[in-house]
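Spelled out from the first residue to the last, the chains are:
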Amino acid sequence: MRIATRLYLGFAIILVLMLGLTAYGIFQVVQVDNRLTKVNQQDSVEQRQAINDLIDYQEASIATQVNGVIDETAGFAAGMLLITVIALIAGIIIAYTTVQRMVKPSVVNLKTRWL
């Protein structure tokens, strides 16, 4: 097996592992979000009774906090996806340049040997 093939295979394995880990992370974030939604729906009656006893300022504060947690979860998943894409592109560039550096000197040596 050629060195270039081994390098491509090695980088491909690393990239597949990174993508798998990212997919697993996103899956776990979605599961947590689903669990939180379920808990929130179950306790909604009790929460509504408590909120009705509070003043309007406290109601607005609670709503802002809940929306912030949901926004942070979506932002976290998007950030993980962006990091994975950047890592994938960087891996491809590194693999390409590494293989090019390894292949070019051998081609030059072959040409000079036959001249």
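Residues numbered from 1 in each chain as written. Predicted model: local features only at pLDDT ≥ 70, side-chain atom pairs only at ≥ 80, totals over all residues. Heavy atoms only, no water.

Peer 1: I tried to follow the overall build of the chain on my own but got confused; where do I start?
Peer 2: Helix and strand counts for the chain stand at three helices and zero strands. Across the chain, helices and strands are ordered from the amino to the carboxyl terminus as α-α-α. When burial is assessed residue by residue, the chain has 10% of its 115 residues classed as buried. Summing over all exposed atoms, the chain offers an accessible surface of approximately 9,400 Å²; the carbon and sulfur share of this is 68%. (Helix = DSSP H or I, 4+ residues; strand = E, 2+ residues; numbered from the N terminus. Buried < 20%, exposed > 50% of the residue type's maximum accessible area, 1.4 Å probe, protein only. Areas by Shrake-Rupley, 256 points an atom, 1.4 Å probe, with all protein chains shown as cover.)

Peer 1: Explain helix H1 (residues 3-42) here, please?
Peer 2: Side chains that are three or four residues apart share a direction in an α-helix, a result of its 3.6 residues per turn. Spanning 40 residues, H1 covers 58 Å between terminal C-alpha atoms, matching the ideal 58 Å at 1.5 Å per step. Among the residues making up H1, those that are buried are Ala4, Leu15, Thr22, Gly25 and Val29. (Expected span 1.5 Å × (residues − 1).)

Peer 1: Which parts of the structure should I look at to understand the environment of Met80?
Peer 2: Tracing the backbone through its elements, the reader meets Met80 in helix H3 (residues 56-114). Taking the C-alpha atoms as reference points, Met80 and Ile26, separated by 54 residues in sequence, lie 7.8 Å from one another. Beyond its immediate sequence surroundings of up to four residues, Met80 is in contact with Thr22, Gly25 and Ile26. (Contact = heavy atoms within 4.5 Å.)

Peer 1: I would appreciate a short explanation of the side chain of Thr22 in the present structure.
Peer 2: Residue position: Thr22 is located in helix H1. Look at Thr22 and you get buried, because its relative accessible area is 11%. A polar side-chain atom of Thr22 sits 2.9 Å from the main-chain carbonyl oxygen of Met18. Once residues within four sequence positions are removed from consideration, Thr22 is found in contact with Met80 and Thr84. (Polar contact = N/O pair within 3.5 Å; in protein donor to acceptor, adjacent residues only side chain to side chain.)

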